[in-house]
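Each chain, written out:
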Amino acid sequence: MPPVFLRYVIADGFSQSGTQVTRVALPLVALLVLGAGPLEIGLLGAAQMIGFLLFGLPAGVWVDRLRRKPILVTADVLRAVSLASIPIAALFDALTLAQLYAVAVIVSIGTAFFDVAHMSFLPSIVTKEQLPKSMGTLESVRSLSMLFGPGLGGWLVQVLTAPIAIVVDAVSYMVSAALLATVKAKETPSGGRVSLMEGLRYVLGHPILRLIGLVGAMNMFVTGIWGIVQPLYLINELGVSAAVYGLMISGAGAGGLLGALLASRVIARFGHGPTMFGTAVLMLPLYGLVAFTGPGWRLALYPIGLALVFLVAVMNDIAQGSYRQAICPEALRGRMNASLRFLMWGSLPLGGLVGGLLGEAITVHQLLWIACLGTAAAHLPYVLAPAIRKLKITDDDGRVDADAKKDSRA
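About the thresholds
- Residues numbered from 1 in each chain as written.
- Predicted model: local features only at pLDDT ≥ 70, side-chain atom pairs only at ≥ 80, totals over all residues.
- Heavy atoms only, no water.
- Helix = DSSP H or I, 4+ residues; strand = E, 2+ residues; numbered from the N terminus.
- Buried < 20%, exposed > 50% of the residue type's maximum accessible area, 1.4 Å probe, protein only.
- Contact = heavy atoms within 4.5 Å.
- Areas by Shrake-Rupley, 256 points an atom, 1.4 Å probe, with all protein chains shown as cover.
- Patch = residues over 30% accessible without salt bridge, like charges linked within 9 Å, V, L, I, M, F, W, Y side chains within 5 Å.
- Salt bridge = Lys/Arg side-chain N within 4 Å of Asp/Glu carboxyl O.
- pLDDT = per-residue confidence, 0-100.
- Core = buried A, V, L, I, M, F, W, Y, C linked by side-chain atoms within 4.5 Å.

This brings us to the overall build of the chain. If you tally the helices and strands in the chain, you get 18 helices and 0 strands. Summarising its shape, the C-alpha atoms of the chain cover approximately 60 × 45 × 35 Å along the three principal directions. For the chain, buried positions account for 58% of its 410 residues. The long-range share in the chain, meaning contacts at least 24 apart out of those at least 6 apart in sequence, stands at 86%. Here the chain displays about 16400 Å² of accessible surface, and carbon together with sulfur accounts for 69% of that area.

A few words on a nonpolar patch on the surface. Residues Leu39, Leu43, Leu350, Leu353 and Leu357 make up a contiguous nonpolar surface patch of roughly 400 Å² in combined accessible area. Contributions of two or more residues to the nonpolar patch are made by α2 (38–65) and α14 (348–361). The greatest single-element share of the nonpolar patch, amounting to 3 residues, is contributed by α14. Inspection of the secondary structure assignment puts Leu353 in helix α14. According to the relative accessible area criterion, Leu353 is partly exposed, its value standing at 34%.

Looking now at the side chain of Ser176. Mapped onto the elements, Ser176 comes out in helix α6 (residues 162–180). Ignoring sequence-local partners within four residues, the contact set of Ser176 consists of Ala11, Ser15 and Asp76.

One pass over the full model with this rule turns up 2 salt bridges. Ionic pairing is found between Asp76 and Arg79, a salt bridge with its closest N-O pair at 2.8 Å. Here Asp76 pairs with Arg79, and both are found in helix α3 (residues 68–91), just 3 residues apart, close to one helical turn. Comparing Asp76 with Arg79 shows no difference in burial state: the two are buried. The shortest N-O distance in the salt bridge between Arg335 and Glu198 comes to 2.9 Å. One end of the pair, Arg335, is in helix α13 (residues 330–345); the other, Glu198, is in helix α7 (residues 198–205), and 137 residues separate them in sequence.

Structurally, Ala75 can be placed in helix α3. The spatial distance from the C-alpha of Ala75 to the C-alpha of Ile164 is 22 Å, given a sequence separation of 89 residues. Non-local contacts of Ala75, meaning those with residues more than four positions away in its chain, are made with Gly110 and Phe114.

Detail in the predicted coordinates should be disregarded across regions flagged by low pLDDT. Averaged over the chain, the pLDDT score is 83; the fraction of residues at 70 or greater is 93%. Within the chain, helix α18 (residues 402–409) has the poorest average pLDDT of any element, 40, and helix α16 (residues 380–384) the best, 93. Taken as a whole, residues 395–410 scores under 50 in pLDDT and shows 22 contacts with residues more than four places along the chain or in a different chain.

Right, let's get into the nonpolar core. Counting 121 residues, the largest nonpolar core has Leu28, Leu100, Leu122, Ile212, Trp226 and Tyr302 as the members making the most contacts within it. Ranked by residues supplied to this core, first place goes to helix α8 (residues 207–237) with 15 residues. Those residues in contact with Ile212 that sit more than four places away from it in its chain are Met276, Gln320, Tyr323, Arg324, Leu340, Met344 and Tyr382.

In structure tokens, the structure reads:
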């Protein structure tokens, strides 16, 4: 891999680690400091992802018209400054749920622009052939942050309190911005006017990308429920401490790291489509393991189940992510990624709202079962679509082979 990619990876490592700390700390600020209930935590989860719904498509236009590196740096700085306001307000005993919601919205807008630019920037520093391995490296970084970040976040919450723990994320975004500012790459933005809807039409008109968007939208809807049920069930229902809570959800990072390390080999051996199919088949039994989490020895089912789930989920993500990056023309890449982010992540705020309302009406354990079964069911389209099992990238133009296209229309 080129040296510039190494700097890119290090920047991503700082950003991802801080993000994992905040994923633990932010809901715990609402839960432990401000006494939030299920609906209020659901609203906070919705606020954390509303940026994708509001700015997902416009972000793609900006990313295709302008150089992507300045967008990445600006988004990092915006997120750092907004997060830093939380510990400052807490020090003056002025922190409110309204401020948490406002910060969550600002961070989500920055993340919407950052994620689209980050994914679209990668092909500017590596070749198409290097994409699966490069994405595997970035997933390894993300998984490592998921392995150590939640545990660090839980420990920081217990030792320093939840608001102060968020300082770590603010600093990590500033370090990421400084590193990204030094990355050199040849970018070819259009510089002119581009159509907002062209990327969405491209995604919806492509049989495989349309399917990826459907699975992602259903999966992220249920992820909105996960953001509510996880702290409520583990901390309120089962009584684990903040430090233990962080360690338990670190299981996802352990499995994700192994999945990231194996993904490029599995894709090379079986192909993009069969990898997506096989990992989707495994989702149902593995999420069933998580659903049986309970007191006593059954606590161990949560980190073990998460580790196995994320092992296959990360391989699935790398397979579909590298596929769509490889087949899309560069001039459309930003809007393609933005359109998929809009379709996928735009459903997450709705999931948070629905999860919050359900949390007020049913038990938290019942909500856990809904989250587990819902996430497994979200991947069923990959299992049921014949085109996925035959999916491959051709050497000439990277498009789906004729058989897969024919099957997708059947």
